[in-house]
Amino acid sequence: MQEILKLNQINEASVLVAIEKFVLSSLDAARQPRSFYEKFTDLLFDFDQIYNTDFSYTCLIDLFCNLLYDYDLQRETPNSLYKLLKQSSFREWQIYFNQARADHFNEMRQHRYNERLNTKSLDGRLVELQERYSALLAVRVDLAYEPNPDIQQVSRDLEELRKRINRSEYGKDLLLLVWALEQGEVKGYHCHVALVFDERKRTGAWSIAKAIGELWEEITEGDGSYFNCHDRRYLKQYEEQGIVGIGVIFSNVPYQADKMRSTLSYLARPEKEQYLRAKTTSKMRTFGMSQG
């Protein structure tokens, strides 16, 4: 019973970020960090609970994948694993981690390149819509989870959400659907979603965002949560700063048009630390655009 409880408490997204931070902080440390072997032991046991042989992991996480083959954690206790890890010096572990350094920087370079391509593609599409329609309705909603599932469940839920949106009453009027899946240390897996409509056909951004959020809660059977970006208190902060780029946007008002493009393009530029450390396959998408 205790093992089941522990498994349910382990958050895949948080464990993967913690492993990456552990490896990176160890790489360039001049001396052995405090509690190095204790943290190492805990992270290996946690990773063993969430490891999936079918998933594709980033190179720093792959270092831990290899260790699961080297150590039979089903047979080890925290104390015995701690002793096994200590048989190698901190310097030897640094050398082991360093094997992935070049590949990690290449992954980051590729991530930034993909961001630029996505941003350019999204911006181009938004410009087209502004040229074609006199006014647009830009809707934003952020989706998250209350207990955080594994990446496979997240992928399934997002696929189902996109299908349900297209089949919903909003599908026929939808000009553009944009989504960006991210991974945060605190928030875990979460997704930013934007929907763009012809303002002559759809109004009420708050109501649409609420409907999408409730659809997400239904798909995730209550495990999902959402934040309506059209909440008045939230919008007020941005209105005061003059950076609102959602709601009704008049295409012939350059200030509004530029703010919308800037706000929605953020979806294609997730923060560097928000990329996925695990994917269902190496080809799994974390950003997408579909148009009506």
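Our subject in this report is the structure included herewith. Every value quoted in this text rests on a predicted model; they were computed, and no experiment measured them.

What counts, and where the lines are drawn
Residues numbered from 1 in each chain as written. Predicted model: local features only at pLDDT ≥ 70, side-chain atom pairs only at ≥ 80, totals over all residues. Heavy atoms only, no water. Helix = DSSP H or I, 4+ residues; strand = E, 2+ residues; numbered from the N terminus. Areas by Shrake-Rupley, 256 points an atom, 1.4 Å probe, with all protein chains shown as cover. 1 Å grid on protein atoms, 1.4 Å probe; cavity = no way out; pocket = protein on both sides within 12 Å on 5 of 7 lines; lining within 4 Å. Points joined across faces, edges and corners; volume = space filled by probe spheres on them. Nonpolar A, V, L, I, M, F, W, Y, C, P; charged D, E, K, R; others polar. Phe/Tyr/Trp six-rings, centres within 6.5 Å; stacked < 30°, edge-to-face > 60°. Lys NZ or Arg CZ within 6 Å of the ring centre and 35° of its normal. Core = buried A, V, L, I, M, F, W, Y, C linked by side-chain atoms within 4.5 Å. Buried < 20%, exposed > 50% of the residue type's maximum accessible area, 1.4 Å probe, protein only. Contact = heavy atoms within 4.5 Å. Salt bridge = Lys/Arg side-chain N within 4 Å of Asp/Glu carboxyl O.

This part is about the overall build of the protein. A tally of regular secondary structure across the protein gives 11 helices and 8 strands. For the protein, the spread of C-alpha atoms along the three principal axes comes to 70 × 40 × 35 Å. A total of about 15700 Å² of accessible surface is found on the protein, and carbon and sulfur atoms cover 47% of it.

Looking now at the layout of surface pockets. For the largest pocket, the calculated volume is near 700 Å³. Together, 28 residues line the largest pocket, and H111, N114, K279, M284 and T286 are the ones closest to its centre. Mapped by element, the contributors of at least two residues to the lining of the largest pocket are β1 (56-57), α7 (101-132), β3 (174-184) and β7 (278-279). Tallying contributions element by element places α7 first for the lining of the largest pocket, with 7 residues. Of the residues belonging to the lining of the largest pocket, the class tally is 12 nonpolar, 9 polar and 7 charged.

Here the focus is the packing of aromatic side chains. Inspection of every chain in the model, using the stated rule, returns 22 aromatic pairs. Here R277 stacks its cationic end above the ring of Y275, 4.1 Å away from the centre of that ring.

Time to look at the nonpolar core. By size, the foremost hydrophobic cluster in this structure holds 66 residues, and its most contacted members are F40, F47 and F64. Once residues within four sequence positions are removed from consideration, F47 is found in contact with V15, L16, I19, Y57, I61, F64, C65 and L68. If you look at the next biggest cluster of nonpolar residues, it comprises 21 residues, including L136, L175, M260 and L264.

The next subject is the pattern of salt bridges. Tallied over the full model, the rule gives 18 salt bridges. Here D198 ties to R200 by a salt bridge, and the two come within 3.0 Å at their closest N and O atoms. For D258, the salt bridge identified is with R261, shortest N-O distance 3.7 Å. With D258 and R261 both in helix α11 (residues 254-265) and 3 residues apart, the pair spans about one turn of that helix. Taken together, the shared-partner salt bridges in this structure form one network comprising E160, R164, R167 and E218.

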